Amino acid sequence: MPEGDAGCCPSARKNNFQMKMKKEFSEFNIVISGVGGQGLITLLKVLAEAALETGYEVRSSELHGLSQRGGSVEVHLRFGKKIYSPLVKARGADLIISLEAQEALLMAGYAARKTTFLVNNFFQLIPGKPLLNVEAISGILQKISSNVFFVSASEICREKLGNEVVAGIYLLGGAVSRGLLPLGFEAIISSLKKTVAPEYLELNLKAFNLAK
Amino acid sequence: MEELLFNKPGKKIILLGNEALVRGALEAGVQFVTTYPGTPASEIGNIFAQIAKRNNIYFEFSTNERVALETAIGASFSGKKCLVAMKNFGLNVCAEPLLPFLYTGSKGPTVIAVGDDPSCWSSAQSEENSRGYAYLAHLPILEPSDPVECKEFTKAAFAISEKFKIPVMIRFTTRVAHQKMPVVLGEIKPGAAGEGNFSRDPQAFVTMPPRVLEMKRELLEKIEKLRVFAEKSSLNKISGLASRQKNKKGIITSGVSHLYVQEALRELGVTLPVLKIGLFYPLAKKKIGNFIKGLKEVLVVEELEPYLEEEITRIAKEANPKLKIHGKDLLPEIGEIRPEQVIFALAKLANKKYSLPKKIEISEAVKRYPDFCPGCYYRLVFQAVKKAAPEDTIFGGDIGCYMIYSLPPYSLSDYLSAMGSSIGIGHGIKKSGKQKLISFIGDSTFFHSGIPALINTVFNKSNPLIIILDNQTTAMTGHQTNPGLGITGMAEQTTPVSLEEIVKACGVKNIKVIDPINLAEMEAAIKEFLEKEEVSVIIARRRCWLLSQRQKK
């Protein structure tokens, strides 16, 4: 992703977005949040296959049914040398990806100082509630974590690819290239080829590569 | 989906718990599958709907869980290897034929897969712990903790059912059903095609007194034989036994909690003996007795009601009366258990320092309720009702997408209980007073359990207005077919069952079928029917918007 897009809010830009993963890690914990229907389960699938292919143990947890219909949804993915629980523990997330900006706030319980927030600068109104802005959300998240990044993934995907449904895949590309996610490009590309329906593969690969 | 069918033993693929359960059934050679959809069990039926034909398996979406079970009982009596899948509340619907099925036993091996939903992620009604049926029905229950076990335990359940001629339940939870991990595939046994054979055997299949009491004795004997099996079964596993002498402390757990226990032991850097109960009923009491002998303290880690803890308390009275038993003193009885709560409980047991992370309160954080799809016509019905019904009208809710009427910003429902209850409870309210009442029920839910209640309103003379929201699918659980659609779960043509013909045949005189896009017509009908002396039914018919969108693609 172009450097300028990384922090649409000034405070986030100050952070060092080029974080490098520690080479050695025993486990990596991801929580993805968003609004039901945003493709969280697909994103989870792509990550899980990539982690398996890289040689890690992997477990994930997702929710189906009524909880999905436009409601707040969170899914968990953990990978590493030895993984038992499918759920990330409180304050245990290494990376939190939010496909809708306000949904990031609900994930605060999984975050600690070391946690990276990668937030799609995309807003969907919550009926009956005032719409928060990036500055407000960023301000709150930065009290919890030192690494808060807003990326206009939906907007970029809509402008450059004509389809914002791949915003999550675009974020993945950004996460890998910035070292926020200890998985390689090849592993994710191979996973996309395996998990995405043939008619959507090109779009997904484009979105992923666009963020490099 | 295709991968699920690979007959490539040894291949490792990532599977959802429910997918792994299906794979286990395929590896066990299942022949006959019935279900009524319900989260977190829905994928089991959805997958069979797609693969049954290719695999010579009979599959159906039954009208409700009770009929699904009864259908499987008939197939089992005819020698078929059967799987019945449902969510927890479905087992309540099944309860009546379930108990005698334990008395007759199964002829063809039969597994009942039941999904509980701690924290009620996708469940109105109650936070049911279906383990209770073990005691009510003498129903053997296996509890897998992850997809690998979903597959293995399903095979084990079929084997137990075959050996002991008894139906066996797999009880899983949302975090097991919707957990994913790599699973190593085994050999698929093709479902043997061909006719089953029901051979007459009233001694075996007729539960009439005085024979029924003999059958009960036979059942109890079976359970004791099965308990002997349980004592040696690898479904109940002990690990970390070497640390027993040193610490004199241990852990007993089951289901997904076992994963949190393993995680917590690693987190705290302690080794403790762990007894994982995979076969919850009949319980391996001797094995538990031997495990707790010589221990000073034991921690029971289980979700919801403390069935295991209470059993262990009873066993300890003989085996180790001084044993200190922890469980619900350290862990919640309401809601699913979270990993950090188990770390906390284990830290207490192991005298390690650990404090639960403080809750971060962010006043701006708002949890989004599920809402109707953008083009959902239920929105229109809501509009019409709000306009046409007097302020003090009582609104009855039921189980389906229209439960969203109960949530803000709609907040319409005045009561909501079980499948079909909008009508039965509505009748009781009408019989108790003069208030106007409208109840909502979906097409699939009406077929499932609305009909007897509708007959009752006619028979016993009350006058609610019932709006059947006919979106021509079972939408909430993933667009399964239902009796109104003229197509079976195996995609075969069948006679569509007409809602209006049923309603008429029940004796309802005031009935209208209205497309909800005709708002004025809907409003007028609501106004008219609310004044009637007898029960009225409006069938609001338009195909589910989401399904129509998908079918356009």
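Keep in mind that what you see is a predicted model, and the values were worked out from it rather than measured.

A word on the overall build of chain B. When its secondary structure is counted, chain B shows 21 helices and 20 strands. Projected onto the principal axes, the alpha-carbon positions of chain B cover approximately 80 × 65 × 50 Å. A sequence separation of at least 24 residues applies to 78% of the contacts in chain B between residues at least 6 apart.

This next bit is on the sheet that holds strand 1 (residues 27-35) of chain A. Within a sheet, adjacent strands bond to each other through the backbone by hydrogen bonds, running parallel or antiparallel. Reading across from one edge, 6(A)-5(A)-4(A)-1(A)-3(A)-2(A)-8(B)-1(B) is the order of the 8 strands in this open sheet, with mixed pairing throughout. Only two strands of the sheet have a single neighbouring strand rather than two, namely strand 6 (147-151) of chain A together with strand 1 (12-16) of chain B. Neighbouring strand axes in the sheet, compared pairwise and without regard to direction, differ in orientation by 20° on average. Bridging between strand 1 of chain A and strand 4 (residues 95-98) of chain A involves 4 bridges; their strand directions are parallel. The residue bridging Val31 of chain A from the neighbouring strand is Ile96 of chain A, located in strand 4 of chain A. Strands strand 1 and strand 8 (179-184) of chain B of the sheet are contacted by helix 2 (residues 17-28) of chain B, whose axis makes an angle of about 115° with strand 1 of chain B. Together, strand 1 and strand 8 of chain B form the strand contacts of helix 7 (residues 147-164) of chain B, whose direction differs from that of strand 8 of chain B by roughly 60°.

We now examine the sheet that holds strand 9 (residues 237-239) of chain B. All names here are of chain B. In space, the 5 strands of this open sheet follow the order 9-11-10-13-14, with mixed pairing throughout. Both outer strands of the open sheet, strand 9 and strand 14 (324-326), are each paired with one neighbouring strand and no more. Across this sheet, the average inter-strand angle for adjacent strands is 20°, counted without regard to direction. The strands that helix 12 (residues 257-268) touches are strand 10 (249-254), strand 11 (274-277) and strand 13 (297-301); relative to strand 10, the one it contacts most, it runs at about 145°. Against the sheet, helix 15 (residues 339-349) touches strand 10, strand 13 and strand 14, its axis set at about 175° to strand 13.

Ranked by internal contacts, the top residues of the largest apolar core, which has 181 residues, are Ile96, Leu118 and Tyr170 of chain A together with Ala113, Val298 and Ile312 of chain B. Top contributing element to this core by residue count: helix 3 (residues 40-54) of chain A, with 10 residues. In this structure Tyr170 of chain A touches Ala153, Ile156, Cys157, Ala207, Leu210 and Ala211 of chain A, once residues within four positions along its chain are discounted. Formed by 47 residues, the second largest nonpolar core is a distinct cluster that contains Tyr378, Leu437, Phe447 and Leu469 of chain B.

Attention now moves to the confidence of the model for chain B. Counting all residues, the mean pLDDT for chain B is 96, and 99% of those residues have values of 70 or more. If you check the scores for this complex, the pTM reads 0.95 and the ipTM reads 0.94.

Turning our eyes to something else, we now look at the domain arrangement of chain B. Residue and element names in this part refer to chain B. Once the domains are mapped, chain B shows domain 1 (2-192 + 203-232), domain 2 (237-349) and domain 3 (378-552). The C-alpha-based centres of domain 1 and domain 2 are spaced at 27 Å. Contacts between domain 1 and domain 2 engage 22 residues on the former and 21 residues on the latter. Considering every element that reaches the side of domain 1 that touches domain 2, the biggest residue donor is helix 10 (residues 211-232), with 5 residues. Looking at the side of domain 1 that touches domain 2 residue by residue, the classes come out as 11 nonpolar, 4 polar and 7 charged.

A word on the interface of chain A and chain B. Taken together, the contact between chain A and chain B spans 38 residues of the former and 35 residues of the latter. For the side of chain A that touches chain B, the secondary-structure elements that each account for two or more residues are helix 3, strand 2 (57-61) and helix 4 (134-144) of chain A. In terms of residue count, the dominant contributor to the side of chain A that touches chain B is strand 2 of chain A (4 residues). Grouping the amino acids of the side of chain A that touches chain B by side-chain chemistry returns 19 nonpolar, 12 polar and 7 charged. Bridge count between strand 2 of chain A and strand 8 of chain B: 2 bridges; the pairing is antiparallel. Within strand 8 of chain B, the position partnered with Ser61 of chain A by the bridge is Gln179 of chain B.

It is worth spelling out helix 12 of chain B at this point. Owing to its 3.6 residues per turn, the α-helix aligns residues three or four sequence positions apart on the same side. Residues and elements named next belong to chain B. Between its terminal C-alpha atoms helix 12 stretches 16 Å, which fits the 16 Å expected from 12 residues at 1.5 Å a residue. The buried fraction of helix 12 is high, at 10 of 12 residues. What helix 12 keeps buried is the set Ser257, His258, Leu259, Tyr260, Val261, Gln262, Glu263, Ala264, Leu265 and Glu267. Residues of helix 12 that are buried in the fold lie against strand 10, strand 11, strand 13 and helix 15. Backbone geometry just downstream of helix 12 places Gly269 in the positive-phi region, at approximately 65°.

Relative placement of two packed helices is described by the angle separating their axes and the distance separating the axes. All names here are of chain B. Between helix 16 (residues 378-388) and helix 20 (residues 519-530), the least distance of the axes is 9 Å, while the angle of their chain directions is 45°. The orientation of helix 16 relative to helix 20 falls into the category oblique. Pair helix 16 / helix 20 crosses with right-handed handedness. Residue-level inspection shows Leu380, Val381, Gln383, Ala384, Val385, Lys387 and Ala388 of helix 16 in contact with helix 20, the latter providing Leu519, Met522, Glu523, Ile526 and Lys527.

One can find Phe149 of chain A in strand 6. Measuring from C-alpha to C-alpha, the distance between Phe149 of chain A and Leu105 of chain A comes to 13 Å, with 44 residues separating the pair along the chain.

Glancing now at unusual backbone geometry. Residue and element names in this part refer to chain B. Here the residue pair Thr39 and Pro40 is connected by a cis peptide bond, since its omega of 10° sits within 30 degrees of zero. Here Pro40 is to be found in the loop between strand 2 (32-35) and helix 3 (42-51). The step from Pro408 to Pro409 runs through a cis peptide bond, and the omega angle for that step is 5°. In the Ramachandran plot, Ser119 falls in the positive-phi region, its phi being about 80° despite a non-glycine side chain. Following the sequence through the fold, Ser119 ends up in the loop between strand 5 (110-116) and helix 6 (133-137). Among the residues examined, Ser119 registers 19 C-beta atoms within 10 Å and is labelled partly exposed. In the Ramachandran plot, Gln125 falls in the positive-phi region, its phi being about 80° despite a non-glycine side chain.

Residue and element names in this part refer to chain B. Here helix 15 lies mainly inside the structure; 8 of its 11 residues are buried. Restricting attention to buried positions, one finds in helix 15 the residues Pro339, Glu340, Gln341, Val342, Ile343, Ala345, Leu346 and Leu349. Following helix 15 by one or two positions, Asn351 adopts a phi angle in the positive range, close to 50°.

What follows concerns the pairing of strand 19 (residues 510-514) of chain B. Residue and element names in this part refer to chain B. Here strand 19 pairs with strand 20 (residues 536-541) via 5 bridges, running parallel. Its bridge partner lying in strand 20, Ile514 is registered against Ala540. For the segment spanning strand 19, helix 20 and strand 20, crossover handedness is right-handed.

Cut-offs and rules
Residues numbered from 1 in each chain as written. Chains lettered and ligands numbered in written order. Predicted model: local features only at pLDDT ≥ 70, side-chain atom pairs only at ≥ 80, totals over all residues. Helix = DSSP H or I, 4+ residues; strand = E, 2+ residues; numbered from the N terminus. Contact = placed C-beta atoms within 7 Å. Pairing = 2+ DSSP bridges. Axes fitted to C-alpha atoms, helices over the stretch in contact; angles between N-to-C directions. Core = buried A, V, L, I, M, F, W, Y, C linked by C-beta atoms within 7 Å. Buried ≥ 20, exposed ≤ 12 C-beta atoms within 10 Å, placed from the backbone. pLDDT = per-residue confidence, 0-100. Domains from an automatic or database assignment. Nonpolar A, V, L, I, M, F, W, Y, C, P; charged D, E, K, R; others polar. Expected span 1.5 Å × (residues − 1). Parallel < 35°, antiparallel > 145°, perpendicular 65-115°, else oblique. Left-handed = near helix turned anticlockwise from the far one by under 90°. Right-handed = clockwise from strand over helix to strand, strands pointing away.

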